[in-house]
Amino acid sequence: MLPDTKIIHQFETIWISDIHLGSKGAKAVELLHFLSITNSKKLYLVGDIIDCWRLRKRWYWPQEHNDVMQKIMEKSRAGTEVIYIPGNHDDLIRQFVEHKFGEIQIMMDDIHITKNGKKIWVMHGDLFDSVIQHVRWLAFIGDGLYTILLGINGILNAIRRLFRLEYWSLSKFLKSKVKQAVSFLSAFEIGLMNETQKRGCDGVVCGHIHKAEMKLINGLIYANDGDWVESKTALTEDKDGSFLLINYDELTREKNNL
């Protein structure tokens, strides 16, 4: 059972991505609760919100996935500026770039100015993924393997819960041990930061690789908001312009300790 929704966390901006609604891996119940206990002037949906790849293979759309979309639309009607930047899994939505879905703006990317005046480039990240761009069929195979890993991971963590052990990610463990994966992440970050510098921005916010992280690279801000399949993370901007990565489990644990 999820905690109540009485305590509201107020932010200037929230970034979330890689929700993968339409797939069984999506943590829609937790995300719905997160959206209920947070509020912001601006909400960025940084791609792979809907998993069109998965839906093409098999239709899966339970009520909680619909509830997440309804909550986002409810926020947009209530005055939150919602910007949807499609990713590779919801690339069908890219045909509607520069249009609106209700009050939700659909954009290929965006420049966000923080409260302390920093110029931040917001984009999904797949355009800097060499596999997606040059060997697309391999990306589909990789997506299938990732789904299998999530299934195995679910079984492992069900066993871990019996012994009161914390959540553990098999896919993240394997990524950390495979040299090619480390090289891929490095190339992804280098390409992304080079383009950020060319655009004259102070930093970039992206998703895509399901690895929540925030750091400085050559004096520029690199912020990845993570995902809502395993990490359950979001990036936030406070009223003074400072950034913070929020983990849903830690946020709700703090609430329960109040």
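Residues numbered from 1 in each chain as written. Predicted model: local features only at pLDDT ≥ 70, side-chain atom pairs only at ≥ 80, totals over all residues. Heavy atoms only, no water.

Asker: In this structure, what is going on with the side chain of T13? I would like to understand it.
Answerer: Relative to the elements of secondary structure, T13 occurs in strand β1 (residues 9-16). Residue classification places T13 among the buried residues on the basis of a relative accessible area of 2%. There is a polar contact of 3.5 Å between the side chain of T13 and the side chain of H112. Here the side chain of T13 touches E237 through a polar contact of 2.8 Å, side chain to side chain. (Helix = DSSP H or I, 4+ residues; strand = E, 2+ residues; numbered from the N terminus. Buried < 20%, exposed > 50% of the residue type's maximum accessible area, 1.4 Å probe, protein only. Polar contact = N/O pair within 3.5 Å; in protein donor to acceptor, adjacent residues only side chain to side chain.)

Asker: Even after reading the chapter, I still don't get the pattern of salt bridges, so can you show me in this structure?
Answerer: A side chain of one charge can pair with a side chain of the opposite charge if their charged atoms are brought near each other. Taken as a whole, this structure holds 10 salt bridges when the rule is applied. Residue K215 is joined to E213 by a salt bridge in which the shortest nitrogen-to-oxygen separation is 3.4 Å. (Salt bridge = Lys/Arg side-chain N within 4 Å of Asp/Glu carboxyl O.)

Asker: Is there a simple way to explain the nonpolar core in this structure?
Answerer: A general tendency of soluble globular proteins is for nonpolar side chains to be buried together. Ranked by size, the top nonpolar core spans 32 residues in total, and within it I16 and F34 carry the most contacts. Contributions of two or more residues to this core are made by β1, α1 (28-37), β2 (38-45), α2 (52-57), α3 (63-77), β3 (81-84), β5 (104-106) and α8 (248-256). With 5 residues, the top contributor of residues to this core is α1. Once you skip the residues sitting within four places of it in the chain, F34 turns out to touch I14, I16, W228, A234, I246, Y248 and L251. Counting 13 residues, the second-largest nonpolar core is a separate cluster that includes I83, I85, V122 and V205. (Core = buried A, V, L, I, M, F, W, Y, C linked by side-chain atoms within 4.5 Å. Contact = heavy atoms within 4.5 Å.)

Asker: Hey, could you run me through α1 in this one?
Answerer: A turn of α-helix holds 3.6 residues, and therefore any two residues three or four places apart point the same way. In terms of burial, α1 is a largely internal element, 7 of the 10 residues being buried. Along α1, the positions that sit buried rather than exposed are A28, E30, L31, H33, F34, L35 and I37.

Asker: What is the right way to look at the packing of aromatic side chains in this model?
Answerer: Two numbers describe a pair of aromatic rings. These are the distance of the centres and the angle of the planes. Scanning the model with the defined rule gives 6 aromatic pairs in all. With a centroid separation of 5.7 Å and 0 degrees between ring planes, the pair formed by W15 and Y44 is classed as stacked. With W15 in strand β1 and Y44 in strand β2, this pair connects stretches of sequence that are 29 residues apart. Residue class for W15 comes out buried when judged on its relative accessible area of 0%. (Phe/Tyr/Trp six-rings, centres within 6.5 Å; stacked < 30°, edge-to-face > 60°.)

Asker: What is the right way to look at the sheet that holds strand β9 (residues 213-217) in this model?
Answerer: By definition, the strands of a sheet pair up through backbone hydrogen bonds, in either a parallel or an antiparallel sense. Read across the open sheet, the 5 strands follow the order β6-β7-β8-β10-β9; overall the sheet is mixed. The open sheet has two edge strands, β6 (110-113) and β9, and neither has a second partner. Strand after strand, the sheet turns through a mean of 20 degrees between neighbouring axes, direction not considered. Sheet topology note: the β6/strand β7 (residues 119-122) ladder contains 4 bridges and is antiparallel. In the sheet register, I113 faces β7, and the bridge partner there is K119. (Pairing = 2+ DSSP bridges. Axes fitted to C-alpha atoms, helices over the stretch in contact; angles between N-to-C directions.)

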